[in-house]
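Per-entry structural report
What follows is the residue order along each chain.
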Amino acid sequence: MATRDPVGFLRSEYEQLVNNELDWKLRELEGPSTPRCVVDGKRVLMLCSNNYLSLSNHPKVKQAAIDAVKTHGAGSGSVRPIAGNMDIHMNLERRLAMFKGAEASLVYQTGFAANAGLIPQLADAGDIIISDELNHGSIIDGVRLSKADRAVYKHCDPADLKPVLEKAEEHSPAYRRMLVITDGVFSMDGDVAPLKDIADLAHAHGAMIYVDDAHGEGVLGAGGRGIVHHFGLKRDRVQVEMGTFSKAFGVVGGHVSGSRDLVNFAYNKSRTWLLSGSHPPAVAAACTAAIDVLETEPQHVRNLWENTNYFRKGIRDLGFDTGKSETPIIPVMMGETSAAKRFSSRLFEMGVFALPIVFPMVAKDKARIRTIMNAALTRGDIDEALSAFEKIGEELRLI
Ligand code: PMP
């Protein structure tokens, strides 16, 4: 008789994470995700949500969801290619393409599903995928699902990308396709990919460009249209623009914009899209309403940037280092893991909710509190957060 416990690893691996303080301790948000909210029974200032523009609470976005439940029901009943493709889904794709200024758009269930479903179809055996070394985990998983060769270039470094492309171009037998993938805004540091230089290089070597603009939409570019607009790039220079409705748009869902050819290809090839149920009508309608709000109420993006500039300056004036941040993602560098953890729990005690980001997500000596600005924070809220950072910074002798 075997004495081995087939599921013993579940507890032992979990306990190992707990012992190394690498387990996720889930916080419970009681009520909506608003700048002042209740987390684990405590009223706090929310400084770590991706709900950049607070659209998840916008009356028009909420109403659109309610109306869609009444007109179309709670669920779609199927995957899109069978019986789950509602007028409400098609309308969202048309609206998104108009917003992006693209020929066509395609909506996935999540951004993760977009990356996992499309990347392995764009490049497979006989091709090469070239990635920024700090790309998001969903891109990494999408790449893992592909049989293409892989190469990485140094973070945001076109000078390092160039020889990688040159080498790929000389590969024998010649690659069928070359795909360069980068995040638009990097979620750990809040820095922006030099997309124009990357796109020019890719173009010179006949490679496709795929940008994941999850943190650039609603943030960068005129009216929050994203990184492609931010750099004024022509559509044919960035063939695949991927994004998500789960951050600045305030809802959930992934998407891809580009040519009609790209969308037709993806409709027929992306397994995550083909084999997974479509969005409930309320989700698709709320996403469409969020696009309407972005187009008609420019003040949200403006407020986001005013708050971002005010908070980042305040934090730097206190003597903290905000690294390479150029966007509403503002890391406050702490150094060691223990300092970041201690800082975050003191912040929470003082009514400010911001999480520590530590190894293995970032290098061991680059632990930080990652703050994320929000359009709906008031000056009073931000001043309160700044005083908490000042008090704890002095208490822990970091400033
Ligand atoms: N790409 C990036 C850069 C992200 O930060 C995220 C979300 N963490 C995703 C993709 C996945 O998006 P979604 O939440 O829609 O699955």
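Residues numbered from 1 in each chain as written. Predicted model: local features only at pLDDT ≥ 70, side-chain atom pairs only at ≥ 80, totals over all residues. Heavy atoms only, no water.

1. Structural notes on the layout of surface pockets
- When its volume is computed, the second largest pocket comes out at roughly 250 Å³.
- Lining the second largest pocket are 16 residues; nearest its centre among them are Q239, V240, S259, D261 and L262.
- Secondary structure elements with two or more residues in the lining of the second largest pocket: α4 (111-122) and α9 (260-269).
- For the lining of the second largest pocket, the element with the most residues is α9, which contributes three residues.
- Of the residues contributing to the lining of the second largest pocket, the split by class is seven nonpolar, four polar and five charged. (1 Å grid on protein atoms, 1.4 Å probe; cavity = no way out; pocket = protein on both sides within 12 Å on 5 of 7 lines; lining within 4 Å. Points joined across faces, edges and corners; volume = space filled by probe spheres on them. Helix = DSSP H or I, 4+ residues; strand = E, 2+ residues; numbered from the N terminus. Nonpolar A, V, L, I, M, F, W, Y, C, P; charged D, E, K, R; others polar.)

2. Looking at the packing of helix α3 (residues 87-100) against helix α11 (residues 281-296)
- Where α3 meets α11, the axes come as close as 9 Å, and the angle between the chain directions of the two elements is 25 degrees. With respect to their mutual orientation, α3 and α11 come out roughly parallel. The way α3 lies across α11 gives a crossing that is left-handed. From α3, I88, H89, N91, L92, R95, L96 and F99 reach across to α11, where they touch P281, A284, A285, C287, T288, I291, D292, L294 and E295.
- Its residues assigned to classes, the contact of α3 with α11 shows 10 nonpolar, three polar and three charged. (Axes fitted to C-alpha atoms, helices over the stretch in contact; angles between N-to-C directions. Parallel < 35°, antiparallel > 145°, perpendicular 65-115°, else oblique. Left-handed = near helix turned anticlockwise from the far one by under 90°. Contact = heavy atoms within 4.5 Å.)

3. Structural notes on a nonpolar patch on the surface
- A surface patch of nonpolar side chains, amounting to about 490 Å² of accessible area, comprises W24, L26, L355 and M361.
- Mapping M361 onto the fold places it in the loop between β12 (355-357) and β13 (367-372).
- The class for M361 is partly exposed, based on a relative accessible area of 39%. (Patch = residues over 30% accessible without salt bridge, like charges linked within 9 Å, V, L, I, M, F, W, Y side chains within 5 Å. Areas by Shrake-Rupley, 256 points an atom, 1.4 Å probe, with all protein chains shown as cover. Salt bridge = Lys/Arg side-chain N within 4 Å of Asp/Glu carboxyl O. Buried < 20%, exposed > 50% of the residue type's maximum accessible area, 1.4 Å probe, protein only.)

4. Section: the packing of aromatic side chains
- Taken as a whole and assessed by the stated rule, the structure comprises eight aromatic pairs.
- Both rings, one in F320 and one in F343, keep their centres 5.9 Å apart while their planes meet at 85 degrees; by these two values the pair is edge-to-face. With F320 in the loop between α12 (299-317) and β10 (329-335) and F343 in helix α13 (residues 337-349), this residue pair connects regions lying 23 residues apart in the sequence.
- A relative accessible area of 0% means that F343 is categorised as buried.
- When the centroid spacing of 5.4 Å and the interplanar angle of 35 degrees are considered together, the rings of F343 and F389 count as tilted. In this pair, F343 is assigned in helix α13 and F389 in helix α14 (residues 379-395), connecting sequence segments 46 residues apart. Each member of the pair, F343 as well as F389, carries the same accessibility label: buried.
- In this structure an aromatic cluster arises from ring pairing among F311, F320, F343 and F389.
- Over the ring of F359 we find K364; its NZ or CZ atom is 4.3 Å from the centre of that ring.
- Between R379 and the ring centre of Y310, over which it is positioned, the NZ or CZ distance is 3.9 Å. (Phe/Tyr/Trp six-rings, centres within 6.5 Å; stacked < 30°, edge-to-face > 60°. Lys NZ or Arg CZ within 6 Å of the ring centre and 35° of its normal.)

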